[in-house]
Structure formats: C-alpha cells, structure tokens
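Each chain is listed here by its residues.
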Amino acid sequence: MNRMLARTLVVLGFAVFAGAIAACGDGEDGADSGGFASGEPVEGQKKGGTLKVTSNADVDSIDPGQAYFQVTYQATYATQRPLYSYRPGNTDEPVPDLASAHPVVSPDGKTVTVKVRPNVRFSPPVDRAVTSRDVKYALTRGFFPSVANQYVGTYFGDLEGAQAVSEGKTRDLAGLQTPDDRTLVMRFSTPIGPTAARALVLPASAPVPEEYARAFDAKKKSDYGFNQVATGPYMIRSDAKGKAVGYVPGRKIELVRNPSWNGSASGDYRPAYVDRVDWTIGANPTVAGRQVINGSGMVSGDTVPAPIVKLAATRHKAQIAFSPLGNRYITLNTALAPFDDPDVRKAVAAVVDRNALQLARGGRLTGKIATHFLPPGIPGFEDAGGLEGKGHDFLAKPAGDAEVAAGYLRKAGFADGRFKGARISMVGTRDDRGSQIVLENVRKLGFDVNFRNLSQEAMLAACATPSSKVHVCANGGWLPDFNDGYAMLFGPFSGKTISPEQSPNWSQLDDPRINAKMDAAARLTNPAQRAKAWGEVDDMVTATAAAVPTYWDDVPLVQSKDVQGVVARWNAAWDLSFSSLK
Amino acid sequence: MAGYVARRLLWVVALLLAVSAITFLIFYTLPSADPAAIRAGRQPTPELLAQIRQNLGLDEPVYVQYWRYMKGVVLHFDLGFSYASDAPVRDQILDRLPATISLTAGAVVVWLALALPVGLISALRRRRWQDRLAMGAALVAISAPVYWLGLVALYLFSKDLGRFPIFEGANTYRPLTDDPAAWAASLLMPWFVLAASFAAFYARLLRANLLEVMSEDYIRTARAKGVPERRVVLGHGLRPAITPLVTILGLDIGILLGGAILVESVFNVPGIGRLAYDAIRQADLPMIQGTVLFGAFFIVVANLLVDLAYAWVDPRVRTA
C-alpha cells in the first residue's frame, strides 16, 4: 500500500465526519487558532511510565524494510535507527542518526559515501555491533521480491546492479560497497546522489543483520518483521529466539526498552523518556479519541475524527496539536481531450470552489486552501509563493471565478464560454463530499460527466492506470516520503513516472521543460539552491493546471492531560521517543 | 439415520466449496485493487510487479489459484498469508476465535436469560401493563442499531467515559486464560449490547408461540382435568412453544461465531468479525476468504446440528 493510499485513508478519516467541525474551524463554538499544544519538547520532561497509544489502523508492515505508513513510522522510528533522521521540531535538514556525519556526495552526483557510527548494537538475540555491511544488507533486501519495499526503487533504483537484485538474479547489490566496517559507498548510474542521500532518512536504511535475517528473507514472503531486531531505544517485546511476540496484527504492539541501546554513548539524540509503550490497534476512532482526552497517559495513534477535534479544540485546547501534512489536488488528464488543452484545464481550475472543499474537509482547523503544490514546511514552499502563491488568475479566488473560467473556455474556442463536447469521465471516492462539489463545479462549465463513486482502492487503481482513461480524479493527494521538493513533486508530475500500471502521475503530465528542471533540481546539494529550484518547479507545474491544488492538510493529534506529547513534524504524528508522561 | 447424516455432511462440504468459489469469483470480478500493485509501491518496475505476482501466485489463472488454495486448505488446513500483514491467515483467525466465542457465548446466555422470562410473562399477562411494557421495550431494542446502542452504552455506563461508571469500557478486552475476572468484566457490556436485539426478538417470538399454544385444545383439556396452571404452562405450553426458538438459536449462534462486526468494532473486541471487516477494507483476499470460510463453516455446522436434532426428534424429517 503506498503513500497515496495512506493519504487517501487519511482523507477518508477526515471526510466521514468532516461536516461536524466545519463551524469549529470558522471560529465558532469558542474555537480559534490559538492555545493549542505546541507538540515541542520541553525542559525537564519526566522519565519512566507507560505511554498508551490507541489507533484504529494497524501498521502497514511491522518490517522496517517494508514500513511505509505514517502510522507505522511511529513504531519504526522508536525501534530503528536509519542513517539519518529528523529531530521532532526541525524538518528542514535531517541529522546523522546511525551515520556519524552528513553524507558526502561526489561532484558528479553519482557516488554517496556514508560513515556509520561505532557502538550501535542490535537488540537480542543478535546483540552485536552494527557495521556498514548491515546497512548494505538492509538496503539490498528492499529490492528482494520477498520484501518488495515500496520506495527503494524510486530513490535507490539507479544503484548499479539494483535491477538484477529486484529480478532475483543476485542477492549482492553491486552499487553498494563496504570498504570497511564503518564506510558505505553508494554508486549510482545517474546523478541522483543528492536526492538519494536525502532519502536515507527512510527506514530502509536502518541496519539489518544478514546472518540473522537471511533465513526469513529467503521465504516467498519475508517474515523478518515478526522476528526483527532493533537498534533504537525501544524494541517490540520479543521472546528469547527473537520472535516479536509483542506484535499481534490488528490487535496490539508492545514496545519495551531495548537492552542493547546505549543512548548518547552511541550518538542517539532520542531521550526515550517512557519505559514502555502499549499500543492498542482497532479502536473505534470516536471512542478512542474520547478515551484519550478523558483518560490518562494516552495519545492518539492515527487520524482523530472531527467530533473529537471539535471537542478538544473547544474545551481541551492544551490536549490537541496540529501538524501540516502533504497536499490534495484534483487531477486533469493532459493526455486526453479536452484536457490536452491548457486553457480548458485552467477553466476547470478557475471554477473549483476551494472554500467549499475546505468546509467539506472540516474547516480551517484541518488545513489551508492551497495555491500551489508544495505544502508549508517543505523546503521551496516560500519560493513557490508561500500561502498566497504566485498569483495565477485561475487560482486567485478560493470560492471559484466563473468569469475567469468562461474566459479560458472562450480562449479554447468555445465562443459562449461554455464547454460543448464529448462526455468526460470522473472518479471520486465514496464518503467524500468533496467529490460531489468538484462534480457540480465541473458541470457548471457545461461538461457532461460520467461520474463514478468508487472505493478508495478502486479509485486509486482507476486513476493510476492510464488505460482506464479517467479525465478527472477528484481525490488526488501526496505525502512526502521526506522533506524535499523531489519527494513532493517528482512522483505526481514528472513525465518519467508515467507507467502502464500504478502510475503516480495521474495527470500524465509530460512536459520536457518541467522534466528537465526536475532533473536539474534533483542534482542540487545546497539546501537553499535546492529549495529555490523546487519552488520554481512547483510554480511551473501549477501554471500548467494539470492538477488543481485544493488543500494543505493539518493533522490533528490528541493527548491526555498528563502527557507531554512531542510531534514528529516530518511525519505529522506523535514521536514516541520524545513524548513523556507529566 | 446414518444415511441422512452422511447426505447432510456431503451437503456441508459442497456448500463450503461453493462459498469459497463464489468469494474467489467476487473478488476477481468486482473492481478492486491489484494486490501486487498495492505491495509494489507507487513507481514499480514491470519486473518487480511480475516478481510479486509470481510470489503471491497471482500470475496463474484464477482456477489454478483457486485449486492451489483449496488444496492447501484441505490437505494442510493452510489458509495462506494475509496480503496486508504477511501473517498466516489461519493463525490470525485462531488468535481471534476465542474472543468471538467469548462474545457469542456470553451474549447467548444473556439473551436467553432475558427473553425466556419476559416472553413467558408477556404471554401470561397479555394486554396488561407488564405485557405492554415488555413488548414496548422489545420494540425499542429491536429498532436500535447495535452500533448506536454500543456507543450509548459506553457513554452512559463505561468506567472511563460514562455518566454512571459501572462497567469496563472499550479497548479493555482480556483473554479468559490471562485473567478470568478481567475477561468477564471487559465483556459484560458487549454481551448486553449484543444480546439486546436478540433478547427482544426471542421474547416476542416466544410470546407469540406461547399465545398460540395456550389456545390449543390439549391445553384446555389439561386445564379441564384440573392440572395445576403452573404445570399446564411450563409442562404442556412452554415446551412446544420453545421448539422453534431452538432452531433459530442454532443459526444465530452460527452467524455470530462468524463475527459480530459492529459490537466487536465499537468495543474493540478482537474477534473474527472485525478481522473480516478490516480485510474487506484492505482488499486482503486470503483473509477475506479465510474469514468467510470460517463464518460459513459455523453457519452450516449449526444448521446441520439443528437439522440432526430435528431428525432425531421427528423421524419424518429424515425422509422428507
């Protein structure tokens, strides 16, 4: 399941009860934008105790080499140390975690060298020091068909020899070299190095001991996750043989202290305040939300439904925090007439009522109206115009602008400013009122629409398969894998990502200028230059109107009164290694 | 009788085969996500997709996949692996089964304990205030959606959220083997919520049956012979009136063992119903198939037991 699907699940989570907090977001019922929990670490946080997490969703995979959900990362980053990671409040630049220094990228962008810290140990039963070979194996196994990591192909697919591993021809990834125990050298066939180096924050770079994991990975479907070892402050409770008995799918995750973890002695910045985390899966979201607010020692593990947001935002402000997360958009298929004409696309963009969409999503508390694609917090956001955007006329009025829309249609050859032509197809998801709003908006322009309301999985399949010939997908959205413009824009808008199946580029935008600009931006190592370049890419994409940016989400997170919750901003979820009891 | 039992057992096998085949066909016919594409991520290479399809056996024709699946089920009781969690389906179902059995068994006891006296009193006090009160309450209980009733019960009576904190609330389920007292405490409210509509239905049914039976000639004869009223009611009236309830009880138990989705969801009782619900949401075919087969198994077995009981009681049924 991918981040797009994860995003859609989040969308659904909001949509089901969205209307209930619309008023709350508009400042009624005593709610305003101030006074909420900051989610930042504070001085003198208390040590010890048990933190209770409740979530409706289960992890997508307990295996750090497969984990990809926002929910999952909460457990993964408490138990594993990737090469780099983000401190809770700082999403701009990752810091060395398992690595001892920032990665060194060669001038041609084809080689990345990373140094691994000494003194980091695996939890029992392996209980030995981590070496660079363990990182090599971790990244390599991501390409094994038995593991099938969802993002290694995207960011590390250009490693020399990666394809041979993913085809099952070899288990040795030639592009990863370990000249000594502390050094990992990554050789790419393209200048993707600067971007790949940033992707080393992902959990596929957390070390895996080959001699232990080999037998699990050799099966048709690896069960290493159910027998994993940890390098982080916590581990899933396991028996003497290493079986992770603390994880029961769909029921619970028990995290206990990792006896092999030696904290700051191995360069780990995580304070790991609580002694234990008891995570209950499958909780009814509304009931669980109330339990968290009324109860003791609890935090929400996934999306909080609107009634709970309203309750917390009006009566328990100190118990709710908000964190930005990704974007939403409507895609217009540039490979199909009439949306191969930019003016027709701009007409649709102009008529979409983003105010109504915001209200349908839950009002101002749950996000901001988008004017481009890079969301707040992602480098390049300000370069792309910040909250106001760059002033494209077709996105100037959040409530929609029928005059501007008619003008673009006239420019496209429709003299009376109304579209006349063949029927178009549009796909939305059930339970999402936003789809209906988009449908009505598009119909206003004269479009004859064949609208299909599908389950989210079916919607994803239809929109990601070009042969389905869907003109408009109303429920697009993207979560970044890490805080970088590449992770936000390359997948959904590069012509290189168009594929017959599972294509993330729903608009099928294949603009040589944008593709080239993206390639150039991906090669930049300087953070400021990189942010500027991706900001420019963002504006170029916005100007094509291949998709209509509608919303930048703010994720609500709730905690009990006696919890000092700390938010991992890059993941928009509680950071279990930093949160504590009061 | 042996021939009858053999015939019915063959039907059970045929029915389970049909259920499994239909589930397979539905999954492949209706629009759904491709499990290989879901696993492969957002920018998979065709090679990776092909490898995953091969690993999951999705590259084979549907009938070959079905044959392989059924072979695993019959020969090794192997229900495959979940696409979502990679865990063995059999282990997950067996892990959830005790919770479902606990929920069902307790609810059955509660609803019978409520329905039998209420139905009896209603029939004996027909059109009096006891009858009207009981049947009015029964109507409310039947009409109230279980999901809503569960939430109301939680917000009224749970120790952590309720106005009158009496019972343990949601997310408190403990297995019987861990702590019997905590097990019972965690299930008290789910038992009552699940039992409410069943108790109401059974009470109404018993009342109607009993009213019909009590107007039979043999009841009048018994009374005319001077048989004490208590014996007339309990000995001559209740037994025939209760027989249809036994039939329905068997089927209801079978259905509930297949999972009480709503109650399990509201109270987070980790049973088979919620497992099935999650599997459907995630297009997790092996888990859907496993839970459907288990549910169907319980229903047909319950049906079989009821039929056998009837055949044993009434020989005419065997040749019907």
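K.L.:
Tell me about the overall build of chain A, and please be specific about residues and values.
P.N.:
Secondary structure summary: chain A contains 18 helices and 22 strands in total. For chain A, the residues scored as buried account for 62% of the 582 residues in total. The long-range fraction of contacts in chain A, counting pairs at least 24 apart against all pairs at least 6 apart in sequence, stands at 73%.

K.L.:
A description of the overall build of chain B should follow, citing residues and the corresponding values.
P.N.:
Counting secondary structure elements, chain B contains 13 helices and zero strands. Along its sequence from the N terminus, chain B presents helices and strands in the succession α-α-α-α-α-α-α-α-α-α-α-α-α. The dimensions of chain B, computed from C-alpha atoms along their principal axes, are 85 × 60 × 35 Å. The buried share among the 320 residues of chain B stands at 39%.

K.L.:
Break down the nonpolar core for me, citing the residues and quoting the values.
P.N.:
One broad rule of soluble globular proteins: the nonpolar side chains tend to lie buried together. Val-348 and Leu-489 of chain A together with Ala-195 and Ala-199 of chain B are the most contacted members of the largest nonpolar core, which totals 252 residues. Here this core takes 16 residues from helix α8 (residues 180–213) of chain B, the largest share from any one element. Leave out the neighbours within four places in its chain, and Ala-195 of chain B touches Ala-107, Val-110, Trp-111 and Leu-114 of chain B.

K.L.:
Would you mind going over the pairing of strand β6 (residues 176–180) of chain A in detail, with residue names and values included?
P.N.:
Residues and elements named next belong to chain A. As judged from the three bridges shared by β6 and strand β7 (residues 183–187), these two strands associate in the antiparallel manner. Looking across to β7, one finds that Gln-177 is bridged to Val-185. Taken together, β6 and the strand that follows it, β7, pair antiparallel across an intervening segment of two residues.

K.L.:
Please give an account of the pairing of strand β18 (residues 547–558) of chain A that cites residues and values.
P.N.:
All names here are of chain A. With respect to burial, β18 is a largely interior element, 12 of its 12 residues being buried. Both strand β14 (residues 367–369) and β18 contribute to a ladder of three bridges, which runs antiparallel. When the sheet's bridge partners are listed, Lys-368 is paired in β18 with Trp-552.

K.L.:
Could you give me a rundown of the interface of chain B and chain A, with the residues and numbers involved?
P.N.:
In this assembly, 38 residues from chain B lie in contact with 46 residues from chain A. Where the side of chain B that touches chain A is concerned, the elements lending two or more residues are α2 (35–40), α3 (46–56), α5 (89–124), α11 (261–267) and α12 (272–281) of chain B. The greatest single-element share of the side of chain B that touches chain A, amounting to six residues, is contributed by α3 of chain B. Of the residues assigned to the side of chain B that touches chain A, the class counts are 18 nonpolar, 11 polar and nine charged.

K.L.:
Tell me about the sheet that holds β14 of chain A, and please be specific about residues and values.
P.N.:
Residues and elements named next belong to chain A. Read from one edge of the open sheet, six strands run β14-β18-β13-β17-β15-β16, paired in mixed fashion. Two strands in the sheet have a free side with no partner beyond their single neighbour: β14 and β16 (449–454). Taken pair by pair, the neighbouring strands of this sheet meet at an average axis angle of 30 degrees, ignoring direction.

K.L.:
For unusual backbone geometry, give the residues involved together with the corresponding values.
P.N.:
Cis rather than trans, the peptide bond between Pro-124 of chain A and Pro-125 of chain A has omega equal to 5 degrees. Structurally, the position occupied by Pro-125 of chain A is in the loop between β5 (111–115) and α4 (132–141). Here the amide bond leading from Ala-337 of chain A into Pro-338 of chain A is cis, since omega sits at 5 degrees, within 30 degrees of zero. Mapped onto the elements of the fold, Pro-338 of chain A is located in the loop between β13 (320–332) and α11 (342–351). Non-glycine residue Phe-77 of chain B carries a positive phi angle of around 50 degrees. With respect to the helices and strands, Phe-77 of chain B occurs in the loop between α4 (62–76) and α5.

K.L.:
I'd love a proper account of the packing of helix α16 (residues 485–493) of chain A against helix α17 (residues 512–522) of chain A, names of residues and values included.
P.N.:
All names here are of chain A. For the pair α16 and α17, interaxial distance at closest approach is 11 Å and the crossing angle is 150 degrees. Comparing the axis directions of α16 and α17 gives the class roughly antiparallel. In the packing of α16 onto α17, the handedness of the crossing is left-handed. Only Ile-514, Met-518, Ala-521 and Ala-522 of α17 make contact with α16, whose side of the interface consists of Gly-485, Tyr-486, Leu-489, Phe-490 and Phe-493. Broken down by class, the residue content of the contact of α16 with α17 amounts to eight nonpolar, one polar and no charged.

K.L.:
Give a detailed account of the confidence of the model for chain B, specifying residues and quantitative values.
P.N.:
All names here are of chain B. Counting all residues, the mean pLDDT for chain B is 87, and 94% of those residues have values of 70 or more. Summarising per-element confidence for chain B, the mean pLDDT is lowest in α2 (73) and highest in α8 (94). On the interface metric, ipTM, the complex scores 0.80, and its pTM is 0.87.

K.L.:
Before we move on, can you summarise the environment of Asp-393 of chain A with the specific residues and values?
P.N.:
With respect to the helices and strands, the residue Asp-393 of chain A is situated in the loop between β14 and α13 (402–411). Expressed as a C-alpha distance, the spacing of Asp-393 of chain A and Ala-405 of chain A, which sit 12 residues apart in the sequence, is 9.7 Å.

K.L.:
Kindly report on α13 of chain A, identifying the contributing residues and their values.
P.N.:
All names here are of chain A. Every buried residue of α13 is listed here: Val-404, Ala-405, Tyr-408 and Leu-409. On an axial view of α13, the arc spanned by its buried residues comes to 140 degrees, and they lie on one face. On its buried face, α13 sits against α11. Where α13 ends, the next residue or the one after it, Gly-413, has phi of about 110 degrees, a positive value.

K.L.:
Run through the sheet that holds strand β4 (residues 104–105) of chain A, naming residues and quoting values.
P.N.:
Residues and elements named next belong to chain A. In spatial order, the strands read β4-β5-β7-β6; together these four strands make up an open sheet with antiparallel pairing. Looking at the sheet topology across the chains shown, the edges are occupied by β4 and β6. Pairing geometry for β5 and β7, over five bridges, is antiparallel. Counterpart to Thr-111 in the pairing with β7 is Arg-187.

K.L.:
So, the packing of α17 of chain A against helix α18 (residues 527–544) of chain A: which residues are in play, and what are the values?
P.N.:
Any two packed helices are characterised by the angle at which their axes cross and by the distance between the axes. Residue and element names in this part refer to chain A. At a closest axis distance of 9 Å, the pairing of α17 and α18 adopts a crossing angle of 165 degrees. With respect to their mutual orientation, α17 and α18 come out roughly antiparallel. Viewed along their axes, α17 and α18 form a crossing whose handedness is left-handed. Residues Arg-513, Ile-514, Lys-517, Met-518, Ala-520 and Ala-521 of α17 touch α18, and the partners they reach there are Arg-530, Ala-533, Trp-534, Glu-536, Val-537, Met-540 and Val-541. Partitioned by chemical class, the residues of the contact of α17 with α18 number nine nonpolar, no polar and four charged.

K.L.:
Describe in detail the environment of Asp-307 of chain B, supporting the description with residues and values.
P.N.:
Note that Asp-307 of chain B resides in helix α13 (residues 285–313). Residue Asp-307 of chain B is classed as partly exposed on the basis of its 18 C-beta neighbours within 10 Å.

K.L.:
Please provide a residue-by-residue account of helix α14 (residues 433–444) of chain A, values included.
P.N.:
Residues and elements named next belong to chain A. Spanning 12 residues, α14 covers 17 Å between terminal C-alpha atoms, matching the ideal 16 Å at 1.5 Å per step. Those residues of α14 that fall on the buried side of the exposure criterion are Gly-434, Ser-435, Ile-437, Val-438, Asn-441 and Val-442. Around the axis of α14, the buried residues are gathered within 160 degrees of arc, so they sit on the same side. Backbone geometry just downstream of α14 places Gly-446 in the positive-phi region, at approximately 100 degrees.

Definitions and limits used
- Residues numbered from 1 in each chain as written.
- Chains lettered and ligands numbered in written order.
- Predicted model: local features only at pLDDT ≥ 70, side-chain atom pairs only at ≥ 80, totals over all residues.
- Helix = DSSP H or I, 4+ residues; strand = E, 2+ residues; numbered from the N terminus.
- Buried ≥ 20, exposed ≤ 12 C-beta atoms within 10 Å, placed from the backbone.
- Contact = placed C-beta atoms within 7 Å.
- Core = buried A, V, L, I, M, F, W, Y, C linked by C-beta atoms within 7 Å.
- Pairing = 2+ DSSP bridges.
- Nonpolar A, V, L, I, M, F, W, Y, C, P; charged D, E, K, R; others polar.
- Axes fitted to C-alpha atoms, helices over the stretch in contact; angles between N-to-C directions.
- Parallel < 35°, antiparallel > 145°, perpendicular 65-115°, else oblique.
- Left-handed = near helix turned anticlockwise from the far one by under 90°.
- pLDDT = per-residue confidence, 0-100.
- Arc of directions from axis to C-beta.
- Expected span 1.5 Å × (residues − 1).

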